[in-house]
Amino acid sequence: MTTDIERVTGTALDRVEGRDKVTGLARYAYEYPADDIAYVVPVPAAIARGTITGIDPGDALAVPGVLTVLSFRNAPPLAGNDPELRIFSSDRVSYRGQMVAAVVADTLEAAAEAARLVHVGYDAEPHDVLLRPDHPEAYVPEKVNPSFPAVSEQGDVEAALGDAAVTVDTTYTTPAYHNNAMEPHATLAVWSGDRLTAYDSNQGSSTARDMLAAAFGLEPGQVRVVSPHVGGGFGSKGTPRPQIVLAALAARAVGRPAKVALTRQHMFAVTGYRTPSIQRVRLGADASGRMTALAHEVEEQTSTLKEFAEQTAVPSRMMYAAPNRLTTHRVVALDVATPSWMRAPGECPGMYALESAMDELAVACGLDPIELRVRNEPEEDPESGLPWSSRNVVACLREGAAWFGWAGRDPAPGVRRDGRWLVGTGVAASTYPARRRPSEATARATADGRFTVRIAAADIGTGSRTALTQIAADALGVPPERVDVRIGDSALPTASLAGGSMGTASWGSAVAMACVRLRERLDGAGGEVPEDGIEARYDTADDIKADAAYARHAFGAQFAEVRVDPGTGEIRVPRLLGVFAAGRIINAKTARSQFIGGMTMGLAMALLEESVPDAEFGGFLNHDLAQYHVPANADVANIDARWIEEDDPHLNPMGSKGIGEIGIVGTAAAIGNAVHHATGVRFRDLPIRPDRVLDRAPQIGGRNL
Ligand code: MOS
């Protein structure tokens, strides 16, 4: 990637599709045109568990414009291995809101009206949707997401805890959380004979194509998924959702193109969510704060349909040194929709608990919380023994402390007042793995001096199209204006998902190498481009096998200042600072946006967001943005994200680590730790709602001053 022009990676290049987005030219799934479109509205199950005894479509079919009512009575069986996607396959109901029928009509209005008139009879059975401590049905799963062992153990953690000079034994809970992408899950399905095209909102068109092909018993080559612009996903569009199958099923049933967009309310039922968690953390340390024992034991939920076990304790396997260690996961299969990915599954809730417990240990040891973390830095990955490809969490903590103004902080909790506010500051560390998945790309030079890069990557709003343009431009040694990057279409070379913060590293590796190859070919041809162009292709499958030689993670430090009103329970966050070490930053503008977006979600996790299970009827009580609170501008004051330069040769051709998820990791702990510093009270259940603050008001230091 040597070039005599200035490198474009690292600069703050504007989004290459920015103009299309602000002028409305960028099309999202539901906006694609087709002739004679039929509209589909699903009917959600009204019970949490039981059997459908009857479906009476009579009134629905009587609505003018209604074409058909689909249900298990008449829908063809679907194949594939995801029970959440085999819709209408049986008379069983596994969770409230599950799709039990759907109306297909000439207009959206007719379909919506008729969907209310589909009469579904149920034989309801008793259900259980509540995760609770030591649930009698809890079990240890085989694996946790994506394929980690559920349990890890080194040394004798119980003995070490018994011998430790200082111990912390605390339990934290986090609620269910829902992704709320601005663009709902939506699909337009168009059949042409036995070929299917789906304009769909997803985090990976290759994955969606493979799933659709499996569901309908087709070859992948018979299916095309088109998704050039996606309005957010956060994990909820990483695995295809039932609407894509429903659109295809409906289109085939009526012999017309069919489109479906989930309503915001229905998104809360069928697009996955972050499992609630109950996390016990036990830490043991000597008098100087060096940890001798670390135990992190998690209980969380899954569904009766399929198992999803979040890897919540996994970050505790690599974050700190301690000779005696234990991590465990137990899950309970409840009568709920299957939980799934939400920004930093595992690291996000797990680091909330671990980093809160570290703060408690710092207080117990009388140590500054940054100093405690520095003292427990592991030289190598503690459980795998692998060397770090790079690990700069200490640099993030130190530089963050300087930028935030940590020096001279009075550790005494509950003593700083500013009018009605109690003021405090908190810190937490952050981490996220830096992985890659196999991907293929082509790069083509044309006689007009332009270059086209093709890869079925996804841009879910992150700026990946722009980052790939920069990567290609540097690899080719040309300005980015001469590079066209085509993504978001399964007809392009196969690529991995936008997920696990692996997108840019995975696709960028393929793009960079395809461009390097193309350049070699061009050099070989004396720089002449033949009339029909010249192309190179690269598949990274073999390269990434070498990645296993190092423990590869991004790191960071989160700093928060909070103000707590003990009279109203209100908590404000006037300042958040995140400092990250994430390899080389490809685009300073979109990276900053990713970090800040993640931190905003972390703030919301700490204080606002919460999906409340409906114990009586199943599903969730709050399922719209009126009752599920995401931050508004007024909730987000001064959020700053910075990064330190990191030169890591063990990653990929760009030297980059993923940045989509690390921003959310540690934020909630930093805020919770700051709330303790402000009030002197530990709130160990998220979110820290005003009513929870008021419940503890008599204990709040400020009250008694
Ligand atoms: Mo992200 S939750 O890995 O799509």
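Residues numbered from 1 in each chain as written. Predicted model: local features only at pLDDT ≥ 70, side-chain atom pairs only at ≥ 80, totals over all residues. Heavy atoms only, no water.

Overview of the overall build of the chain
If you tally the helices and strands in the chain, you get 15 helices and 26 strands. In summary, the chain has a C-alpha radius of gyration of 26 Å against a globular reference of 27 Å for 705 residues, a match within 12%. Dimensions of the chain, computed from the C-alpha atoms along their principal axes, are close to 75 × 75 × 50 Å. Contacts in the chain between residues at least 24 apart in sequence constitute 81% of all its contacts with a sequence separation of at least 6. Carbon and sulfur atoms make up 50% of the accessible area of the chain, which amounts to about 25,700 Å² in all. Charge-centre separation for the chain: the mean point of 68 positive side chains lies 2 Å from the mean point of 88 negative side chains. (Helix = DSSP H or I, 4+ residues; strand = E, 2+ residues; numbered from the N terminus. Rg over C-alpha atoms; globule rule 2.2 N^0.38 Å. Contact = heavy atoms within 4.5 Å. Areas by Shrake-Rupley, 256 points an atom, 1.4 Å probe, with all protein chains shown as cover. Lys, Arg positive; Asp, Glu negative; His and termini not counted. Charge placed at Lys NZ, Arg CZ, Asp CG, Glu CD.)

Concerning the pairing of strand E17 (residues 324–334)
Within E17, nine of the eleven residues are buried, leaving the element largely enclosed by the surrounding structure. Inspection of the sheet shows strand E16 (residues 291–303) paired to E17 by eleven bridges, in the parallel sense. Pairing of Glu 297 across the sheet is with Thr 328, part of E17. (Buried < 20%, exposed > 50% of the residue type's maximum accessible area, 1.4 Å probe, protein only. Pairing = 2+ DSSP bridges.)

Focus: helix H10 (residues 393–404)
Since the α-helix packs 3.6 residues into each turn, any two residues three or four apart lie on the same face. Helix length check: H10 (twelve residues) gives 16 Å between terminal C-alpha atoms against 16 Å at 1.5 Å per residue, within 8%. Within H10, burial applies to Val 393, Cys 396, Leu 397, Gly 400, Ala 401 and Phe 404. Around the axis of H10, the buried residues are gathered within 130 degrees of arc, so they sit on the same side. Looking at the buried residues of H10, the elements they touch are helix H9 (369–375), strand E19 (421–433), strand E24 (553–564) and strand E25 (571–581). Where H10 terminates, the next one or two residues include Gly 405, which has phi positive at roughly 85 degrees. (Expected span 1.5 Å × (residues − 1). Arc of directions from axis to C-beta.)

A few points about the pairing of strand E13 (residues 223–226)
Looking along a regular strand, one sees the side chains alternate between the two faces of the sheet. The sheet contact formed by strand E12 (residues 195–200) and E13 spans four bridges and is parallel. Residue Tyr 199 lies in a different strand from E13, and its bridge partner there is Val 226. A crossover connection joins E12 to the parallel E13 through helix H5 (residues 205–215); in handedness this β-α-β unit is right-handed. (Right-handed = clockwise from strand over helix to strand, strands pointing away.)

Side note on the domain arrangement of the chain
Annotation of the chain at the domain level lists domain 1 (18–28 + 436–547), domain 2 (32–126 + 180–270), domain 3 (128–178 + 277–380) and domain 4 (388–434 + 552–705). At the junction of the two partners, domain 2 supplies 19 residues and domain 3 supplies twelve residues. Buried surface at the junction of domain 2 and domain 3, summed over both partners, amounts to about 1,300 Å²; 54% is from carbon and sulfur atoms. Of all residues in domain 2, Glu 84, Ser 94 and Phe 234 bury the most surface against domain 3, accounting for 31% of the area lost on that side. For the interface between domain 2 and domain 3, the tally reads two salt bridges. One salt bridge connects Asp 82 with Lys 306, and the closest N-O pair in it is separated by 3.1 Å. Applying the counting rule to domain 2 against domain 3 returns seven residue pairs in polar contact (both at pLDDT 80 or more). Counted by class, the side of domain 2 that touches domain 3 contains eight nonpolar, seven polar and four charged residues. (Domains from an automatic or database assignment. Buried area = accessible area lost by both parts, 1.4 Å probe. Salt bridge = Lys/Arg side-chain N within 4 Å of Asp/Glu carboxyl O. Polar contact = N/O pair within 3.5 Å; in protein donor to acceptor, adjacent residues only side chain to side chain. Nonpolar A, V, L, I, M, F, W, Y, C, P; charged D, E, K, R; others polar.)

Some words on the sheet that holds strand E14 (residues 258–261)
Pairing within the open sheet is mixed, and its seven strands lie in the order E3-E5-E1-E14-E11-E12-E13. Pairing within the sheet leaves two strands with one partner each, and these edge strands are strand E3 (66–71) and E13. Neighbour to neighbour, the strand axes of the sheet diverge by 20 degrees on average, direction disregarded. Where E3 lies against strand E5 (residues 99–105), five bridges are found, and the strand directions are antiparallel. Note on E5: the bridge partner recorded for Thr 68 is Val 104. Packing of helix H3 (residues 108–115) onto the sheet brings it into contact with strand E1 (38–44), E3 and E5, and relative to E1 it is tilted by some 20 degrees. (Axes fitted to C-alpha atoms, helices over the stretch in contact; angles between N-to-C directions.)

Overview of the environment of Ala 669
Its location among the elements puts Ala 669 in helix H14 (residues 667–679). For the pair formed by Ala 669 and Ser 316, sequence separation is 353 residues and the distance between their alpha carbons is 14 Å. Residues contacting Ala 669, with those up to four places away along its chain left out, are Met 351, Tyr 352, Glu 355, Ser 356 and Ala 428.

Some remarks on the sheet that holds strand E6 (residues 119–124)
If you walk across this open sheet you meet the three strands as E4-E2-E6, and the pairing is antiparallel. The open sheet terminates on both sides in strands that have one partner only, identified here as strand E4 (92–93) and E6. In the sheet, strand E2 (residues 50–56) pairs with E4 via two bridges, with the strands oriented antiparallel. Each bridged residue has a counterpart across the sheet, and for Thr 51 the counterpart in E4 is Arg 92.

A word on the side chain of Glu 183
With respect to the element layout, Glu 183 can be found in the loop between strand E10 (166–174) and strand E11 (186–192). Relative accessible area serves as the criterion here: at 9%, Glu 183 is assigned to the buried category. With residues up to four places along the chain from it excluded, the contact list for Glu 183 reads Tyr 28, Ala 29, Ser 201, His 229, Val 230, Gly 231 and Lys 237.

A few points about the nonpolar core
Within the largest apolar cluster, 88 residues are counted, with the highest numbers of intra-cluster contacts made by Leu 283, Met 291, Met 319, Leu 361, Phe 559, Val 562 and Ile 671. No other element matches helix H8 (residues 347–365), which puts ten residues into this core. When residues of this core are assigned to domains, at least three fall in each of domain 3 (128–178 + 277–380) and domain 4 (388–434 + 552–705). Not counting chain neighbours up to four residues away, the residues in contact with Met 319 comprise Met 351, Leu 354, Glu 355, Pro 378, Arg 391, Val 393, Ala 429, Ser 430, Thr 431 and Phe 555. Among the nonpolar cores identified, the runner-up in size contains 49 residues, and Tyr 95, Ala 176, Ala 251 and Val 260 belong to it. (Core = buried A, V, L, I, M, F, W, Y, C linked by side-chain atoms within 4.5 Å.)

Regarding the pattern of salt bridges
Side chains that differ in charge, positive against negative, can pair when their charged atoms come close. This model, assessed by the stated rule, comprises 47 salt bridges. Arg 209 is the salt-bridge partner of Asp 210, the closest N and O atoms lying 3.0 Å from each other. Residue Arg 209 is classed as buried on the basis of its relative accessible area, which comes to 11%. One continuous salt-bridge network, built from bridges that share partners, spans Arg 420, Asp 565, Glu 570, Arg 572 and Asp 635.

Some thoughts on the environment of Asp 532
One can find Asp 532 in the loop between helix H12 (503–524) and strand E23 (534–539). For the pair Asp 532 and Ala 678, spaced 146 residues apart in sequence, the C-alpha to C-alpha distance is 68 Å.

What to know about the packing of H5 against helix H6 (residues 242–254)
The geometry of H5 relative to H6 is characterised by a closest axis approach of 11 Å and an angle of 50 degrees between their N-to-C directions. Comparing their axes, H6 and H5 come out oblique. As for how H5 packs across H6, the hand of that crossing is right-handed. Contact residues: H5 offers Ala 208, Met 211 and Leu 212, while H6 offers Ile 244, Val 245 and Ala 248. Considering only residue class, the contact of H5 with H6 consists of six nonpolar, no polar and no charged. (Parallel < 35°, antiparallel > 145°, perpendicular 65-115°, else oblique. Left-handed = near helix turned anticlockwise from the far one by under 90°.)

Brief notes about the packing of aromatic side chains
Taken as a whole and assessed by the stated rule, the structure comprises eleven aromatic pairs. Ring centres 5.9 Å apart and planes at 85 degrees place the aromatic pair Trp 388 and Phe 555 in the edge-to-face group. Remark: Phe 555 occurs in strand E24 and Trp 388 occurs in the loop between H9 and H10; sequence separation between them is 167 residues. Exposure remark for Trp 388: the relative accessible area of 12% places this residue in the buried category. (Phe/Tyr/Trp six-rings, centres within 6.5 Å; stacked < 30°, edge-to-face > 60°.)

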